[in-house]
Amino acid sequence: MDVILAFSCNPQEQPLCIPDSILELFELPVLFGSVNRTMVYIILAALVVVAALYFAYRKPRVVPTKFGLAVESMVDFVRNDIALGVIGPGGEKYGPYLLSLFMFILVGNFFGLTPFINFPIGSRMAIPGFLALVTYVIFVFVGFKKQGLAYLGETLWPPGVPVALRPLIGVIELVSIFIVRPFSLAVRLFANLVAGHTMLALLLGSGVYFVWTAANGDISFLKGFVVGPLWFVFGMAIFLLEILVLTLQAYIFTLLSAVYIESSLNPAH
Amino acid sequence: MDYSSLLILAVEEGEASSAELLLPAWPELVAGIIAFAIVYFFVWRWVWPNMSKTMEARQAAIAGEVTAAEKAKEEAESLVSDYKARLADAKTEGNSIVEEARQTAEQMRTDIIAKAEADAEQIRAKAREDAAGEKARALADAKSQVGSISVDLAEKIVGESLDAQAHQDLINRYLSDLEKL
């Protein structure tokens, strides 16, 4: 059960242990020093992204391989639909950042569904927090670089706001753009991953637990061998849903980063 | 132990310490920074340039193929027009040969007819000539005979006595002589 839930107890006595706290689902065992398994997965996600891109673009092929085509379509999607599509012609410059963001988040998310890993690295606040901070720094920096101090004025008082409303709008915009924006960006990804991981652990774990307790005679046969598999089936349905959620969240994070950068570049709207 | 109570316990304790989830763990943050730096550096320095290279290679390949296709099309078109021209030439040539043959045949026909007519005319003329000659010769013969006969007759007339009966007999004899001729 270590495989599914990514946490363990004594497998000789029980197939899985009920965690004392929800936190235990997200705190992976320490390997050595202050290095835990999460950190290994974080580095592994980076290496997987690098390897995938390396094998796709190793040599300039006129006719790509199947794998190359799959990676290329992702790269093209980020470049054309997000970087160029949202930011416009100047978006090429931000392409590498957005592509890194998308690929890293996507691979990290899918670690949650990968057998033997089963842990989305974005469910640790360090990852979405750091990435949201980078996006924040970029869009604020780009705003000041492009527009100077006018960026602050344009952002806090969008054109057409009556003078009387300016203090109110200014406070709202200040809070929403410079405080809530990075936080919401980080929490959106983080919360989705935490919720998904918890759901999967609970449903699949319940399935195993019901069957196991029934096999030990602790609960009735009916409960154990009928309800248990149902939990498991429900868990598998959520598993499929998670595929969608994980992809969507990687996309949303990248898209919003692009939208924020664009709003700093073009203050008119 | 009852399963449902365990679950509730787990959730309650989770809630109690869930704020910890929202705080990044420093070692993981460091790992995240390193990991993302690796990805970004790789994408920035390697993937993006290679992507342009791939696109350029594809552009070149496509452009080359388009050019080659255009060239092949042009060649094919010139070949077709060449064949068409040759075909037209062959047709014209065939027509002219047929026409020439027809003209030759016509010419020959005309010639043969003309020649036949000329021959016939010649034959006719010769025949006419011959006939005229014969006639002239016959006339000449007759003339000379008439002369000699007239002389004979005159001699006879002069040699005999001139009585009516004698004249009459002479004339009758002459005439019967003439008839004998």
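Nothing here was measured: the structure is a model prediction, and the numbers come from that model.

Turning next to the overall build of chain A. When helices and strands are tallied, chain A shows 8 helices and 2 strands. Each principal axis of the C-alpha atoms in chain A carries an extent, and together these give about 75 × 55 × 40 Å. The 269 residues of chain A split such that 47% are buried. Here the contacts in chain A between residues at least 6 apart in sequence split such that 67% fall between residues at least 24 apart. Accessible area of chain A: about 12500 Å², with a carbon and sulfur share of 73%. Charged side chains of chain A number 14 positive and 14 negative; the gap between the two group centres comes to 12 Å.

Moving on, we get to the nonpolar core. Counting 82 residues, the largest nonpolar core has Leu-53, Tyr-94, Leu-98, Leu-99, Phe-104, Leu-131 and Phe-253 of chain A as its most contacted members. Counting only elements with at least two residues in this core, the list comes to helix 2 (37-57), helix 3 (66-87), helix 4 (95-110), helix 5 (126-147), helix 6 (150-156), helix 7 (166-215) and helix 8 (221-265) of chain A together with helix 3 (26-159) of chain B. The dominant element in this core, judged by the number of residues it contributes, is helix 7 of chain A, at 12 residues. Beyond its immediate sequence surroundings of up to four residues, Tyr-94 of chain A is in contact with Ile-87, Ile-138, Val-142, Ile-261 and Leu-265 of chain A.

To continue, consider the packing of aromatic side chains. Residue and element names in this part refer to chain A. Scanning the model with the defined rule gives 18 aromatic pairs over all chains in all. Look at Tyr-151 and Phe-178: their rings are 6.2 Å apart centre to centre, the planes differ by 85°, and that puts the pair in the edge-to-face class. Of this pair, Tyr-151 sits in helix 6 while Phe-178 sits in helix 7; the two residues are 27 residues apart in sequence, bridging distant segments of the chain. What makes Tyr-151 buried here is its relative accessible area of 3%.

A separate point is the environment of Leu-21 of chain B. Here Leu-21 of chain B is to be found in helix 2 (residues 19-22). Discounting residues that sit within four places of it in the chain, Leu-21 of chain B has contacts with Leu-23, Phe-26, Arg-124, Met-125, Phe-190 and Val-194 of chain A.

The subject of this paragraph is the side chain of Ser-264 of chain A. Residues and elements named next belong to chain A. By the secondary structure assignment, Ser-264 is in helix 8. The class for Ser-264 is buried, based on a relative accessible area of 0%. Other than its neighbours up to four places away in sequence, Ser-264 contacts Phe-139, Val-142, Gly-143, Lys-146, Gln-147 and Tyr-151.

Okay, the environment of Leu-153 of chain B next. Residue and element names in this part refer to chain B. Tracing the backbone through its elements, the reader meets Leu-153 in helix 3. Overall, Leu-153 belongs to the buried group, its relative accessible area being 17%. Distance from Leu-153 to Ile-171, taken between C-alpha atoms, is 8.7 Å for residues 18 residues apart in sequence.

Let us look at the interface of chain B and chain A. Listed by partner, the interface residues are 41 residues for chain B and 49 residues for chain A. Taken together, both faces of the contact between chain B and chain A bury some 4100 Å²; the carbon and sulfur share is 78%. Contact with chain A buries area across many residues of chain B, yet Leu-21, Glu-28 and Phe-36 of chain B alone supply 19% of it, more than any other trio. Remark: the boundary between chain B and chain A carries 2 salt bridges. Its salt-bridge partner being Arg-124 of chain A, residue Glu-28 of chain B comes within 2.7 Å of it at the nearest N-O pair. Our enumeration of links across chain B and chain A arrives at 5 residue pairs in polar contact (both at pLDDT 80 or more). Listing elements by their share of the side of chain B that touches chain A, those giving two or more residues are helix 1 (3-17), helix 2 and helix 3 of chain B. Of all the elements, helix 3 of chain B adds the most residues to the side of chain B that touches chain A, at 26 residues. Class assignment for the residues of the side of chain B that touches chain A results in 31 nonpolar, 5 polar and 5 charged.

Where charged atoms from two side chains of opposite charge approach closely, those side chains can pair. The tally for this structure, following the rule as stated, stands at 12 salt bridges over all chains. The partner of Glu-92 of chain A in a salt bridge is Arg-79 of chain A, and the shortest N-O contact between them spans 3.0 Å. Of this pair, Glu-92 of chain A sits in the loop between helix 3 and helix 4 while Arg-79 of chain A sits in helix 3, and the two are 13 residues apart along the sequence. Exposure remark for Arg-79 of chain A: the relative accessible area of 14% places this residue in the buried category. Between Glu-121 of chain B and Arg-124 of chain B there is a salt bridge; the shortest N-O distance is 2.6 Å. Of the two residues, Glu-121 of chain B and Arg-124 of chain B both sit in helix 3, 3 residues apart, roughly one turn of that helix. In this structure Arg-124 of chain B comes out as partly exposed when scored by relative accessible area, which is 44%. The network of salt bridges with shared partners includes Glu-121, Arg-124 and Arg-128 of chain B.

What follows covers the confidence of the model for chain A. Across chain A, the average pLDDT comes to 86, with 91% of residues at 70 or higher. Taken element by element, chain A is modelled with least confidence in helix 1 (residues 2-5) of chain A, mean pLDDT 40, and with most confidence in helix 4 of chain A, mean pLDDT 95.

Cut-offs applied
- Along every chain, residues carry numbers that run from 1 in the direction the sequence is written.
- Think of it this way: whatever chain is written first is A, whatever ligand is written first is 1, and the rest follow in order.
- In view of the model being predicted, local features appear only for residues whose pLDDT reaches at least 70, and side-chain atom pairs are presented and counted only at 80 or more, with totals across whole chains, interfaces and linings using the full set of residues.
- Note that water and hydrogens are dropped before the side-chain values are worked out from all heavy atoms of the structure.
- Only DSSP runs of H or I reaching four residues or more are called helices, and only runs of E reaching two or more are called strands; each is numbered from the N terminus.
- Think of it in three bands: with a 1.4 Å probe and only protein chains considered, a residue is buried below 20% of the maximum accessible area for its type, exposed above 50%, and partly exposed in between.
- Whether two residues are in contact is decided by their heavy atoms, any of which lying within 4.5 Å being enough.
- What sets the accessible areas is the Shrake-Rupley method with a 1.4 Å probe; for residues, cover comes only from the shown protein chains.
- Charge counting treats Lys and Arg as positive and Asp and Glu as negative, with His and both chain ends excluded.
- For charged residues, the charge sits on one atom: NZ in Lys, CZ in Arg, CG in Asp, CD in Glu.
- Only buried residues count toward a nonpolar core, which is a set of Ala, Val, Leu, Ile, Met, Phe, Trp, Tyr and Cys residues joined through side-chain atoms within 4.5 Å.
- Under the pairing criterion, centres of Phe, Tyr and Trp rings, with the six-membered ring standing for Trp, must be within 6.5 Å; the plane angle then separates stacked pairs below 30 degrees from edge-to-face pairs above 60, leaving the rest tilted.
- Two parts lose some accessible area (1.4 Å probe) when they are put together, and adding that loss for both gives the buried area.
- We count a salt bridge whenever a side-chain nitrogen from Lys or Arg sits within 4 Å of a carboxyl oxygen from Asp or Glu.
- We call two N or O atoms a polar contact when they sit within 3.5 Å, provided that within protein one can donate a hydrogen and the other can accept it, with sequence-adjacent residues counted only if both atoms are side-chain atoms.
- Each residue receives one of three labels: charged for Asp, Glu, Lys and Arg, nonpolar for Ala, Val, Leu, Ile, Met, Phe, Trp, Tyr, Cys and Pro, and polar for the others, Gly being one of them.
- The predictor attaches a confidence to each residue, and that confidence, scored 0 to 100, is pLDDT.

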